[in-house]
Amino acid sequence: MGLINEDEALIAAALKGSAYAWEKLVKRYESRIFNYGVRITGNTSDAMDLTQEVFLGIYRNLHRFRGDAKFSSWIFRIAHNKAVDINRRKRLTTTLAHTNNDEPDFLETVAGDNRYEPDKKLDDQQANSRVISMLARLSLEQRLVIELKVYQSLTFEEIADMQGVSANTAKTRFYTALKKLKTVSEENNVLS
Amino acid sequence: MSCPKTQHLLQEYFSDGLTPLAKKEIENHLNSCEQCNDEFKFFLLAHSNMKGWKDQSVPHWDRGLELFKREHRSEKESMGFWGRWQLVPTAISFVMLCVLLLNVSVISGERGFFVSFGANSSNLQLQYQLAEIQEQYLVEMDTLVNQVGEWLDSNNVQVLQVVMERTREATMENLDLIYAYFEQQRLRDLEDMRISYQELVDSDYETIRSLQQLARFVSYQDDAVR
Ligand SMILES: [Zn+2]
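Residues numbered from 1 in each chain as written. Chains lettered and ligands numbered in written order. Predicted model: local features only at pLDDT ≥ 70, side-chain atom pairs only at ≥ 80, totals over all residues. Heavy atoms only, no water.

A. Highlighting the coordination of the zinc ion. All names here are of chain B. The protein atoms that coordinate the zinc ion are Cys-3 (SG), His-29 (NE2), Cys-33 (SG) and Cys-36 (SG), at distances of 2.1 to 2.4 Å. Coordination geometry of the zinc ion: the 4 donor atoms subtend angles of 101 to 115° at the metal centre, consistent with an arrangement described as tetrahedral. Written as a sequence motif, the donor residues of the zinc ion are C-x25-H-x3-C-x2-C. Residue classification places His-29 among the buried positions, given a relative accessible area of 15%. (Donors = N, O, S within 2.8 Å, 3.2 Å for Na, K, Ca; no water. Tetrahedral: all angles 85-135°; square planar, octahedral: opposite > 155°, others 65-115°. Buried < 20%, exposed > 50% of the residue type's maximum accessible area, 1.4 Å probe, protein only.)

B. View of the packing of helix H2 (residues 19–41) of chain A against helix H4 (residues 71–90) of chain A. All names here are of chain A. Orientation of H2 relative to H4, taken along the N-to-C sense of each, is 40°, at an axis distance of 11 Å. Our classification of the angle between H2 and H4 gives oblique. Viewed along their axes, H2 and H4 form a crossing whose handedness is right-handed. Residues Leu-25, Tyr-29, Arg-32, Ile-33, Tyr-36 and Ile-40 of H2 lie in contact with H4, whose contacting residues are Phe-71, Ser-72, Ile-75, Phe-76, Ala-79, His-80 and Ala-83. In the contact of H2 with H4, the residues fall into 10 nonpolar, 2 polar and 1 charged. (Axes fitted to C-alpha atoms, helices over the stretch in contact; angles between N-to-C directions. Helix = DSSP H or I, 4+ residues; strand = E, 2+ residues; numbered from the N terminus. Parallel < 35°, antiparallel > 145°, perpendicular 65-115°, else oblique. Left-handed = near helix turned anticlockwise from the far one by under 90°. Contact = heavy atoms within 4.5 Å. Nonpolar A, V, L, I, M, F, W, Y, C, P; charged D, E, K, R; others polar.)

C. Spatial organisation of unusual backbone geometry. Of note in the backbone geometry, Ser-153 of chain A takes a positive phi value of approximately 50° without being a glycine. Structurally, Ser-153 of chain A can be placed in the loop between helix H8 (140–151) and helix H9 (156–163). For Arg-63 of chain B, which is not a glycine, the phi torsion comes out positive at approximately 60°. Here Arg-63 of chain B shows up in the loop between helix H3 (34–51) and helix H4 (65–78).

D. Spotlight on the interface of chain B and chain A. In this complex, chain B contributes 49 residues to the contact, which on the side of chain A involves 63 residues. Surface buried jointly by chain B and chain A totals about 5,300 Å² across both partners, of which 62% is contributed by carbon and sulfur atoms. Counting across the interface, chain B meets chain A through 5 salt bridges. Applying the counting criterion to the chain B and chain A interface returns 14 residue pairs in polar contact (both at pLDDT 80 or more). Secondary structure elements with two or more residues in the side of chain B that touches chain A: helix H1 (6–13), H3, H4, helix H6 (123–166) and helix H7 (172–225) of chain B. (Buried area = accessible area lost by both parts, 1.4 Å probe. Salt bridge = Lys/Arg side-chain N within 4 Å of Asp/Glu carboxyl O. Polar contact = N/O pair within 3.5 Å; in protein donor to acceptor, adjacent residues only side chain to side chain.)

E. The confidence of the model for chain B, seen in detail. Residue and element names in this part refer to chain B. Averaged over all residues, the pLDDT of chain B is 67; the fraction at 70 or higher stands at 32%. The low-confidence segment residues 77–87 (pLDDT under 50) makes 11 contacts with residues lying over four places distant or belonging to another chain. With pLDDT under 50 throughout, residues 103–121 is counted as low confidence; its partners more than four residues away or in other chains account for 28 contacts. (pLDDT = per-residue confidence, 0-100.)

F. Fine view of the packing of aromatic side chains. Under the criterion given, the structure shown has 15 aromatic pairs over all chains. On the numbers, 5.6 Å between centres and 70° between planes, the contact of Phe-42 of chain B with Phe-43 of chain B is edge-to-face. The exposure classification of Phe-42 of chain B matches that of Phe-43 of chain B, with both residues buried. In textbook terms, an aromatic cluster arises when at least three aromatic residues are bridged by ring pairs, as seen for Phe-156 and Phe-174 of chain A together with Tyr-13, Phe-14 and Phe-40 of chain B. (Phe/Tyr/Trp six-rings, centres within 6.5 Å; stacked < 30°, edge-to-face > 60°.)

G. Here's a closer look at the pattern of salt bridges. All names here are of chain A. Summed over all chains, the structure comprises 15 salt bridges over all chains. Ionic pairing is found between Arg-88 and Asp-85, a salt bridge with its closest N-O pair at 3.7 Å. Of the two residues, Arg-88 and Asp-85 both sit in helix H4, 3 residues apart, roughly one turn of that helix. Here Asp-85 falls in the partly exposed class, since its relative accessible area comes to 29%. One connected set of salt bridges, linked through shared partners, spans Glu-6, Asp-7, Lys-24 and Arg-28.

H. Seen up close, H3 of chain B. Between its first and last C-alpha, H3 of chain B extends 25 Å over 18 residues, near the 26 Å set by a 1.5 Å rise per residue. Among all positions of H3 of chain B, only Cys-36, Glu-39, Phe-40, Phe-42, Phe-43, Ala-46, Asn-49 and Met-50 of chain B are buried. Residues of H3 of chain B that are buried make contact with helix H7 (122–135), H8 and helix H10 (167–188) of chain A together with H1 and helix H2 (20–32) of chain B. (Expected span 1.5 Å × (residues − 1).)

I. Layout of the nonpolar core. Residues and elements named next belong to chain A. Among the nonpolar cores identified, the biggest contains 73 residues, and Trp-22, Ile-58 and Phe-71 are the most heavily contacted of them. For this core, the two domains that each supply at least three residues are domain 1 (1–105) and domain 2 (137–192). Those residues within four positions of Phe-71 in sequence are excluded, and the remaining contacts are Asp-7, Ile-11, Leu-25, Tyr-29, Ile-58, Leu-62 and Phe-65. (Core = buried A, V, L, I, M, F, W, Y, C linked by side-chain atoms within 4.5 Å. Domains from an automatic or database assignment.)

J. Representation of the packing of H7 of chain A against H3 of chain B within the structure. Relative to each other, H7 of chain A and H3 of chain B sit at 125°, their axes nearing to 8 Å. Viewed along their axes, H7 of chain A and H3 of chain B adopt a mutual orientation that is oblique. Considering how the two elements wind past one another, H7 of chain A and H3 of chain B form a crossing that is left-handed. Across the interface between the two elements, Arg-130, Val-131, Met-134 and Leu-135 of chain A of H7 of chain A pack against Ala-46, Asn-49 and Met-50 of chain B of H3 of chain B. Tallied by class, the residues present in the contact of H7 of chain A with H3 of chain B amount to 5 nonpolar, 1 polar and 1 charged.

So this is what it looks like as structure tokens:
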């Protein structure tokens, strides 16, 4: 409850023109949105584009936010729409479809991004690269279901609402996504 | 061959309100069904791999602050807060201009105010009137400072009220933080206002002084002609 309350206080203050409150609000969520972006787009530069677009969307619509929903759900609804937009723009699915044959291209991009970082982060990088290579096998729709379920701990009802489908469809998508992960991992031995 | 229950069990397992009883039932089935057991092993491994994600730090960015400040500054300007106050010294200057150039004397008597032009006002009277206006100036300024203080206070109270209304179980710590911020902001705004107002007043006094010299010169000329 504490989190929700502070969000609402910051929103009220930001709407009154407090830049301090706005910055604090952004700081509270930027990491969650950015990491969401990295998992969904597979690279940090698209993730940063997504982050900026999401917060612009939040800023433009802040006055429309009603306390009846959790602010985090509201943010992830915006993030969801932006992810779909960006994907449409970049035709990400087409790119990802090609990666099924070899190791995905953007994995190299991710490794490239971290080239100059110290070794202590190597384990983190490997863990993250593995996640991204798994998610890369999925369609955006499936990736989003996995993201929202596994990382954002949303209910199937919330996911369904966000994607404009029934809860059963959301459940089926989740299952299909996991099945697909299993199939590709059997082909590529990703998880062994 | 696959077990028809796999999908349902898996969805249940990741469902929102998984009760311990339901979990137990799923586990019982897994113990007796090799198919489901196999599938679950993979899914749980995949799940734990995904949970192994380590948050990457966000690259530096401006957090939309530039846009925010730009839009909120122009909003404040269009509210015309300063625009209104800035008229006050100008109006006072105008009155003084009349006093000095037209040599208007305002004499308050039992029947009210008498306004006369020229004739009866001496240089001494002029000095007296100027001193009076100066006095008014200071009073006016204090009033303004108080009014602005109140305005800012009520603004803060308003914000706090909104916060209180929208916050069902606000922790005192949060409110303290926000209040401290507004208090700090209020003091800074007050100080800014005081400085700006003082500058306006100073520039008006420059005008008064030169007008005063002009008036002295005019009355000296008058005396010389007589
Ligand atoms: Zn079974």
